[in-house]
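Listed below are the residues making up each chain.
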2 protein chains.
Amino acid sequence: MISWTNFDKLASTAKLAALPKVDVKEAMTGESGAERVKKYSVPMAAGLTFNYGAKAVDDNILEALAELAKEAQLTEKYAELYNGAVINTGEKRLVLHQLCRGQLGNDVIADGVNKREFYLSQQKKAADFAEKVYSGAITNENGEKFTTVCQVGIGGSDLGPRALYLALENWAIKNNSLKMQAKFVSNVDPDDAAGVMNSMDLAHSLFIVVSKSGTTLETLTNESFVRATLAKAGLDPNKHMLAVTSETSPLAKSDAFLEAFFMDDYIGGRYSSSSCVGAVILTLALGAETFEAIMKGAAEMDALSKNEDLLQNPSMLDALIGVYERNILGYPATAVLPYSQALSRFPAHLQQLDMESNGKHVNRFGEPVNYPTGPIIFGEPGTNGQHSFYQLLHQGTDITPMQFVGFKNSQLGDDIEIQGSTSQAKLCANVAAQIVAFACGKDDEDPNKQFEGGRPSSIIIGDQLTPESLGALLAHFENKVMFQGFVWNLNSFDQEGVQLGKLLAKRVLAHDTDGALKEYSDLLNI
Amino acid sequence: MISWTNFDKLASTAKLAALPKVDVKEAMTGESGAERVKKYSVPMAAGLTFNYGAKAVDDNILEALAELAKEAQLTEKYAELYNGAVINTGEKRLVLHQLCRGQLGNDVIADGVNKREFYLSQQKKAADFAEKVYSGAITNENGEKFTTVCQVGIGGSDLGPRALYLALENWAIKNNSLKMQAKFVSNVDPDDAAGVMNSMDLAHSLFIVVSKSGTTLETLTNESFVRATLAKAGLDPNKHMLAVTSETSPLAKSDAFLEAFFMDDYIGGRYSSSSCVGAVILTLALGAETFEAIMKGAAEMDALSKNEDLLQNPSMLDALIGVYERNILGYPATAVLPYSQALSRFPAHLQQLDMESNGKHVNRFGEPVNYPTGPIIFGEPGTNGQHSFYQLLHQGTDITPMQFVGFKNSQLGDDIEIQGSTSQAKLCANVAAQIVAFACGKDDEDPNKQFEGGRPSSIIIGDQLTPESLGALLAHFENKVMFQGFVWNLNSFDQEGVQLGKLLAKRVLAHDTDGALKEYSDLLNI
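An account of the accompanying structure is given in this report. What you see is a predicted model, and the numbers here were worked out from it, not measured in a lab. (Residues numbered from 1 in each chain as written. Chains lettered and ligands numbered in written order. Predicted model: local features only at pLDDT ≥ 70, side-chain atom pairs only at ≥ 80, totals over all residues. Heavy atoms only, no water.)

## Some details on the overall build of chain A
Part 1: The helix and strand inventory of chain A stands at 18 helices and 15 strands.
Part 2: Each principal axis of the C-alpha distribution contributes one length, and for chain A these read about 70 × 60 × 55 Å.
Part 3: Scored against the burial criterion, the 526 residues of chain A give a buried share of 68%.
Part 4: In chain A, the share of contacts with a sequence separation of at least 24, taken over all contacts with a separation of at least 6, comes to 73%.
Part 5: Accessible area for chain A stands at about 16,500 Å²; split by element, carbon and sulfur atoms hold 48% of it.
Part 6: The distance from the centre of the 45 positive side-chain charges to the centre of the 64 negative ones in chain A is 2 Å. (Helix = DSSP H or I, 4+ residues; strand = E, 2+ residues; numbered from the N terminus. Buried < 20%, exposed > 50% of the residue type's maximum accessible area, 1.4 Å probe, protein only. Contact = heavy atoms within 4.5 Å. Areas by Shrake-Rupley, 256 points an atom, 1.4 Å probe, with all protein chains shown as cover. Lys, Arg positive; Asp, Glu negative; His and termini not counted. Charge placed at Lys NZ, Arg CZ, Asp CG, Glu CD.)

Here it is, written out as structure tokens:
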């Protein structure tokens, strides 16, 4: 029997709070530090490893976290989710993104269909369509092949697919598997669509309009912008447009698209990279094989998340360490720091994934909670960040926990040896150095050169950023966020917080304003 | 007589803390809200306006902030700075970036030269060089014109110039003034340089190596990478490379560069967009006229920052409101939210500017402080962010103050009217709506749809994002950060926090490690 209980009502929460804290500096210095790095490590999918040696935990705290995981029934709740329970209580919806990449439990039948089969059928449709585009069976109005594909979507229809594409673009070029270049238009700012379209060979471009409801203001506006620009260029917009939408949306039955691919209400925007939202653009750009490999890595990670043993379940462990940092240690933010230029937009995706899922003030029953929930998430790739905001992370007055990601090998293999080491070795040396610098600090007679240390971090290490390891990373963070939502007793799958702004924006556009809203509208000449 | 005093020792700090807090929701609702938006507004340079109607201040708090500004001698300290005092005490250096764009006080003579003249001479050198590139007086080894320019630098040599270039790239295309396309390589990750170079027409490309000391590991490594790649392509690297460095650096006298442009120790990396670090690439890419216009907007803003009247000094006012939010209200982070796709990387620049300047735990005398200093800074352009992390900003358990930026007109003017409004109107309607939604919230019987409100924000409004207004924005935030550093009694111009990581990375590469550092190095196969 599943019991949905607030975090502060769990017996293990009080127990956890009462445990002595770990002095990260002391624990990570000397032989004890070496022992921790060896011991506090767990394999993930696709050859990744989650190492939490430099986190503020010890065996006692880990034991209490394991009790918390049990008491909060985290794996049972996960099973509820993948077996098709109505986990998104606010919107009364199932939560099925994992079904895009694997069958974790029972068949899930909803709306009269087997949902895994439905999602796979759409992936297959995308693959078949892509083959026709590559082969020239589907062409532009002049019988010429398409070379570029542009996603028109916002939020979850943009950030995840964009981050994944950028992560593999150079990898695909290197492996001669880049099928089409991908571009992205998201912002309602007309300069976004205009700037991107100016940079494209429109005659040979496909545009994918992504909106589940078919009513997202930004996306419909940008769709019209794209159509008008294509028409101005003497092209037939209907011959250049695809739709990714729900079967019941106005876009689904329109003749204005070459093809429509379907998603449904059981996959929220920020979890939709595995659905057609990601599948169509990533398949067209990178090929079906690459998209399948991403799904394979994600599926492995999803399967690993079923493990009831906390110490063998990296996503659940990462989640619980995050809860400990947020609620017991009181840290308000977390930095995500991938040492890989290809992951340049991955932090922006995680920012949405995490902050939109768990930035909530009510529990899943709509009752206000009286403990902190989701933290602020931010980050940039290393080593860039080292020359930017790391100053504050090292010597600022607040502590910010960190999540590093690093790979032993580069994607492209083009490298150069300078001063006895390759660039890749320098990159890896830097991430190793940072973890220890943050944890152990350094004493100095000059307080300005003093590093307090005690700043906790974890690292995910892989051999190389490949489609499989990227898929595993994607699923890891999705599952981490899901487990944290379970611990905090939140509904991590709705987003009521975006509604009020939409409502007021409509009023501004209808000139139905008063008070401050009218004044701001006037200042902005609306 | 200037007195450098810790924030908590100032009499006005205690007074400020004792004042009744403003209920932003109540203050911003109804007619009172309209009055605040009208009243709490101050002109900036280049036609910008700083509106702080939705901040948690009232006349009493503003009066106390004005007292604080006086007691902390903010404008006097600014005068010290621009008149050439050793404001960067840790490194014993003057702080002269403002001299790149105007003469605010006395002539500053250092190292035997008039520093303003020196900076201008380098800007002129960049302009003259650019003319020769455009005209074909300087060409590649085959006598062909250069079409692309790539900056090789990291941190301050990357983020500021990149953000400024991206802010004006489409504007320049629109105005037929884009002279060369600009690219950027920063990360020591070899995939960064390889990926960028793969996308370039190397034969017609210039590379600018930017390193003040001529010893930045990442940059020298990437320089070698670039040279090797050019040579592999059958090109003569020396005919494609420029240097931006100090006159005493090893790069300055090298024959391996077509030309060297000079900076000095009195302009720190994150403040160096106005120096040759920004001037060379921005002049080459956008033309000297555009770079001058950026400087003009910045100079106007610098001049405005001299105003002793807090309410007429937007950068000082923004700074003090930030201090109030950080130290009295206790908010640990600030979101920067430009409603302009062109400003997509401006938040990353501000993140470095702010967090590296004021993320400090010691005062300017090297003594530990016992109050919070610089906050975490993060952000993405709106409306994108609305569909991402705004959920947490609206309904999360913590409050995050916000800084919006918006423009009445788009840069490109290509727009489309849908449902009775243009995209630009929709963009502006959204930012107006968000400010009010954050401030006023909305009551609902369903707590999940309840918005508490009380979330403070300011907005900078301009007619259009142009070189002048961009320059004003740049200088505004530089001066804001400077004033906050003065209030917190910090040295905002050094960055000792980056040293330890560098040191440990060298030890890793020399295989001189033990304990945890050795373990991490092994895990990463170094």
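So that's the structure; there's more coming.
## Comments concerning the state of the cysteines
Residues and elements named next belong to chain A.
Part 1: The final tally for this structure, using the stated rule, is zero disulfides over all chains.
Part 2: The thiol sulfur of Cys100 is not disulfide-bonded, and the nearest other cysteine sulfur, from Cys276, lies at 8.0 Å.
Part 3: Taking the relative accessible area as the measure of exposure, Cys100 reaches 2% and is therefore buried. (Disulfide = S-S within 2.5 Å.)

## Some thoughts on the pairing of strand S9 (residues 259–263) of chain B
Residues and elements named next belong to chain B.
Part 1: Of all five residues that make up S9, four are buried, and the element is covered over most of its length.
Part 2: Across five bridges, strand S8 (residues 241–246) lies against S9 in parallel orientation. For Thr245, the partnering residue across the bridge sits in S9 and is Phe262. (Pairing = 2+ DSSP bridges.)

## Considering the environment of A:Ser315
Residue and element names in this part refer to chain A.
Part 1: Considering the arrangement of structural elements, one finds Ser315 in helix H12 (residues 314–328).
Part 2: What makes Ser315 buried here is its relative accessible area of 0%.
Part 3: Here the alpha-carbon distance between Ser315 and Ala475, two residues 160 residues apart in the chain, equals 8.7 Å.
Part 4: Once you skip the residues sitting within four places of it in the chain, Ser315 turns out to touch Met301, Ser305, His476, Asn479, Lys480 and Phe483.
Part 5: Separated by 2.9 Å, the side chains of Ser315 and His476 make a polar contact. (Polar contact = N/O pair within 3.5 Å; in protein donor to acceptor, adjacent residues only side chain to side chain.)

## Topic: the interface of chain A and chain B
Part 1: In this complex, chain A contributes 133 residues to the contact, which on the side of chain B involves 133 residues.
Part 2: Between chain A and chain B, roughly 11,100 Å² of surface is buried when both sides are summed, and carbon and sulfur atoms account for 65% of that area.
Part 3: The largest share of the area that chain A buries against chain B comes from A:His387, A:Tyr520 and A:Leu524, three residues that together contribute 7% of it.
Part 4: The interface formed by chain A and chain B holds eight salt bridges in total.
Part 5: A salt bridge links A:Lys38 to B:Glu519; its shortest N-O distance comes to 3.9 Å.
Part 6: Summed over the shared surface of chain A and chain B, the result is 48 residue pairs in polar contact (both at pLDDT 80 or more).
Part 7: Tallying contributions element by element places helix H15 (residues 423–440) of chain A first for the side of chain A that touches chain B, with 15 residues.
Part 8: Class assignment for the residues of the side of chain A that touches chain B results in 57 nonpolar, 55 polar and 21 charged. (Buried area = accessible area lost by both parts, 1.4 Å probe. Salt bridge = Lys/Arg side-chain N within 4 Å of Asp/Glu carboxyl O. Nonpolar A, V, L, I, M, F, W, Y, C, P; charged D, E, K, R; others polar.)

## Structural notes on the packing of aromatic side chains
All names here are of chain A.
Part 1: For the structure on display, the rule yields 34 aromatic pairs over all chains.
Part 2: Taking 5.9 Å as the distance between ring centres and 55° as the angle between the ring planes, the aromatic pair formed by Tyr339 and Phe404 counts as tilted. Here Tyr339 is found in strand S10 (residues 333–339), whereas its partner Phe404 is found in strand S12 (residues 402–407), with 65 residues between them in sequence.
Part 3: Of the aromatic side chains, those joined through ring pairs into one cluster are Tyr339, Phe378, Phe389, Tyr390, Phe404 and Phe438.
Part 4: The side chain of Arg227 reaches across the aromatic face of Phe257, ending 4.9 Å from its centre. (Phe/Tyr/Trp six-rings, centres within 6.5 Å; stacked < 30°, edge-to-face > 60°. Lys NZ or Arg CZ within 6 Å of the ring centre and 35° of its normal.)

Interpretation note: all reported values are geometric properties and have no functional meaning in isolation.
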